[in-house]
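Below are the chains, spelled out letter by letter.
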Amino acid sequence: MQQLESLHTLDIKGEICDASHIIKSISMIGQRIPIIVTPTEGEYKYKVLDGNRRLCALKQLSEEKVDAYVVTNTAEYNAITTLVANISRTRNVAAESDALVTLQAEGLTAKEISEQTGLPLRNITELVDLRGQLIAKAFTMLREGNMSLSTAKRLQRLEPNAQEELILNTEGRLRGKDVESALRAENNKLLQEIAQIPAVTTGHSIMASQLDQLAQKLTGEKRKVIINAAEIIRGL
């Protein structure tokens, strides 16, 4: 997000706009939602794509600066619009994630998206990770409202095949307690596999090697934990 220096560099659609219904709120709490503009040539530096009434209200209040998102193409505009819309209403996580994917495809980094939209970098990173770690069926459930965001965050801790199995055995809405049960079952299975490894007395190198083999069956955090355990044993 940028703060443009002069309101007079912005081209408002139409010569007259009625901003009377929002002047009072902006005068009391300020500009809460940035406008969206795109660079243009000619008399004005920017053209307003979204937020004409907000800009009119700021001009009538004699404000010299305006918070704005500057976009350069249609895909970026649509994505920014989606993210801005979610500032003022209940979050649509799936729509936000789609918008982030679009912006990344346009070459923006998570930090640049944060600067452009005002969204916390942590939120952006979490959404990107969520999109990457949920299988397609799980993300569809999130999009259709058959799973909450908190449940989705739990679900992403499961391996893809475990996500698939859980969803296949779920009718209707997926609940957090169902995911927690699946996580416990997966952890118990992992502990059972570790228990089958011969005791350390048979040789550190043998145990470390078997942990390496177990790690090859895993992904994500579980794989990292097992690999680290193997390295520790080698160092004993």
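Residues numbered from 1 in each chain as written. Predicted model: local features only at pLDDT ≥ 70, side-chain atom pairs only at ≥ 80, totals over all residues. Heavy atoms only, no water.

Visitor: Give a detailed account of the pairing of strand β4 (residues 46–50), specifying residues and quantitative values.
Guide: Regular strands place side chains that alternate from one sheet face to the opposite one. Bridging between strand β3 (residues 35–39) and β4 involves 4 bridges; their strand directions are antiparallel. Looking across to β4, one finds that P39 is bridged to Y46. (Pairing = 2+ DSSP bridges. Helix = DSSP H or I, 4+ residues; strand = E, 2+ residues; numbered from the N terminus.)

Visitor: Explain helix α7 (residues 136–143) to me, and be specific about the residues and the numbers.
Guide: Residues A138, F139, M141 and L142 constitute the buried set of α7. The arc that holds every buried residue of α7, seen down its axis, measures 155°, which confines them to one face. Where α7 terminates, the next one or two residues include G145, which has phi positive at roughly 80°. (Buried < 20%, exposed > 50% of the residue type's maximum accessible area, 1.4 Å probe, protein only. Arc of directions from axis to C-beta.)

Visitor: Describe the environment of P120, and please don't skip the residues or the numbers.
Guide: When you line up the elements, P120 lands in the loop between α5 (110–117) and α6 (121–133). Of the residues examined, P120 reaches a relative accessible area of 42% and is grouped as partly exposed.

Visitor: Go over the side chain of Q156 with me, naming the residues and quoting the values.
Guide: Structurally, Q156 is set in the loop between α8 (149–155) and α9 (160–168). By relative accessible area, which is 17% here, Q156 ends up buried. At 2.7 Å, the side chain of Q156 and the side chain of Q133 are in polar contact. When neighbours within four sequence positions are excluded, Q156 is seen to be in contact with D129, L130, Q133, L134 and Q163. (Polar contact = N/O pair within 3.5 Å; in protein donor to acceptor, adjacent residues only side chain to side chain. Contact = heavy atoms within 4.5 Å.)

Visitor: So what's going on with the pattern of salt bridges? Which residues, and what values?
Guide: Under the criterion given, the structure shown has 8 salt bridges. In this structure, the salt-bridge partner of R54 is D50, at a minimum N-O distance of 3.0 Å. Its relative accessible area of 27% is what places D50 among the partly exposed residues. The partner of E164 in a salt bridge is K137, and the shortest N-O contact between them spans 2.6 Å. Taken together, the residues E164 in helix α9 and K137 in helix α7 connect sequence positions 27 residues apart. Judged by its relative accessible area of 28%, E164 is partly exposed. In this structure, a network of salt bridges that share partners links the residues D98, R131 and R143. (Salt bridge = Lys/Arg side-chain N within 4 Å of Asp/Glu carboxyl O.)

Visitor: A description of the environment of T82 should follow, citing residues and the corresponding values.
Guide: Topologically, T82 is positioned in helix α3 (residues 74–85). A residue is classified by how much of its surface remains accessible, and T82, at 24% relative accessible area, is partly exposed. Put simply, T82 and A99 are 17 residues apart on the chain and 6.6 Å apart in space, counted from C-alpha to C-alpha.

Visitor: Go over the packing of aromatic side chains, please, and point to the residues and values.
Guide: For the coordinates displayed, the defined rule picks out 0 aromatic pairs. Residue placement shows R131 over the ring face of F139; its charged tip is 4.4 Å from the ring centre. (Phe/Tyr/Trp six-rings, centres within 6.5 Å; stacked < 30°, edge-to-face > 60°. Lys NZ or Arg CZ within 6 Å of the ring centre and 35° of its normal.)

Visitor: Report on the nonpolar core, specifying residues and quantitative values.
Guide: Within the largest apolar cluster, 34 residues are counted, with the highest numbers of intra-cluster contacts made by M147, L155 and L158. Of all elements in the fold, only α3, α4 (93–105), α6, α7, α8, α9 and α10 (176–195) reach the threshold of two or more residues within this core. For this core, the leading source of residues is α4, giving 5 residues. Each residue touching L155, except ones within four places of it in the same chain, is listed here: L134, A138, M147, Q163, L166, L174 and V179. (Core = buried A, V, L, I, M, F, W, Y, C linked by side-chain atoms within 4.5 Å.)

Visitor: Help me get a handle on the packing of α4 against α7, residues and values and all.
Guide: Two elements in contact, α4 and α7, have axes separated by 8 Å at closest approach and are oriented at 125°. With respect to α7, the element α4 is oriented oblique. Seen from α4, the contacting residues are V93, A94, S97 and D98; seen from α7, they are F139, L142 and R143. The residue makeup of the contact of α4 with α7, split by class, is 4 nonpolar, 1 polar and 2 charged. (Axes fitted to C-alpha atoms, helices over the stretch in contact; angles between N-to-C directions. Parallel < 35°, antiparallel > 145°, perpendicular 65-115°, else oblique. Nonpolar A, V, L, I, M, F, W, Y, C, P; charged D, E, K, R; others polar.)

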